[in-house]
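# A closer look at the structure
So you can see what is in the structure, the chains are spelled out below.
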Amino acid sequence: MSSFIIHRLCPSLSRRALHTTAIRHVDRPTAFTNMLAGDVPPPVQVSSITSAGIQLADGLILPSACIFLDGKVFLWNVPSNLWDGWGREHLSVFETVVPKPEILVFGTGKRMELPPPSIRGYLKEMGIQLDIMDTRNACSTYNLLAEEGRRVAAALLPYTPRPWRS
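Our subject in this report is the structure included herewith. Being a predicted model, the structure only gives us computed values, none of them experimental.

Quick look at the layout of surface pockets now. Taken as a whole, the second largest pocket spans an internal volume of roughly 350 Å³. Lining the second largest pocket are 22 residues, and of these P79, S80, L157, P158 and P161 sit closest to its centre. When its residues are assigned to classes, the lining of the second largest pocket shows 12 nonpolar, 6 polar and 4 charged.

Set out below in structure tokens:
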């Protein structure tokens, strides 16, 4: 059966969903104790990525670059051209956090683009593993690793670069 027929019969097969999990909020004590839970804040979850921006599970749309770190979202001012004019100052937030993330999932937009060796070396000096991928896969990978309780951060560039406005 051709893919055209499959897409017409089951249009949902043509779109792959991001990995997300609903966060349960319990106001009353439960009979169960989560032995794996620590003092790690609940992870920020991405529900979708479109040309409008990165949509969080709570419905907020982030139209520009952002960093997810320790359960928080930071607005991220980056050069408009990928890797042109990038330096250590664009990733200096990772010098100040303790503990540092084990992994930085870096979403480079619609396509995966390798960063220059200086950026990779800078993160390696700090002991942070760098995983580069397109932003859609970076969002899904971040959601999965954060749900597992890993010390993960995400640096996400939207499909359509836009500067932050104050």
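On we go from here.
Before going further, it helps to examine the pairing of strand 5 (residues 72-75). Sheet topology places strand 4 (residues 66-69) next to strand 5; 4 bridges connect them, and they run antiparallel. The residue of strand 5 that forms the bridge with F68 is V73. Hairpin geometry of strand 4 and strand 5 is characterised by an intervening segment of 2 residues between the two adjacent antiparallel strands and by a positive phi of about 55 degrees at D70.

In the segment running from V98 into P99, the intervening peptide bond is cis, with an omega of -5 degrees. Residues other than glycine seldom take positive phi values, yet D70 does so here, at roughly 55 degrees. The topology assignment puts D70 in the loop between strand 4 and strand 5. With a relative accessible area of 37%, D70 lands in the partly exposed category. With phi around 75 degrees, W83 is a residue other than glycine that occupies positive phi space. Topologically, W83 is positioned in the loop between strand 5 and helix 2 (93-96).

Definitions and limits used
- Sequence order as written defines the numbering, with residues in each chain counted from 1.
- Side-chain atom pairs in this predicted model are given and counted only at pLDDT of 80 or more, local residue features only at pLDDT of at least 70, and totals for whole chains, interfaces and linings cover all residues.
- To get the side-chain values, all heavy atoms of the structure are used, and hydrogens and water are removed first.
- Cavities and pockets are found on a 1 Å grid laid over the protein atoms alone: a cavity is a set of points where a 1.4 Å probe fits but cannot escape, a pocket is an open set with protein on both sides within 12 Å along at least five of seven lines, and a lining residue has an atom within 4 Å of such a point.
- Grid points are joined across faces, edges and corners, and a volume is the space filled by probe spheres set on the points.
- Charged means Asp, Glu, Lys or Arg here, nonpolar means Ala, Val, Leu, Ile, Met, Phe, Trp, Tyr, Cys or Pro, and polar covers whatever is left, Gly included.
- Strand pairing is assigned whenever DSSP detects at least two bridges linking the two strands.
- Per the convention used, a helix needs a DSSP run of H or I reaching at least four residues, while a strand needs a run of E reaching at least two, with both numbered from the N terminus.
- Burial classes follow relative accessibility: with a 1.4 Å probe on protein chains only, a residue under 20% of its type's maximum area counts as buried, one over 50% as exposed, and anything between as partly exposed.

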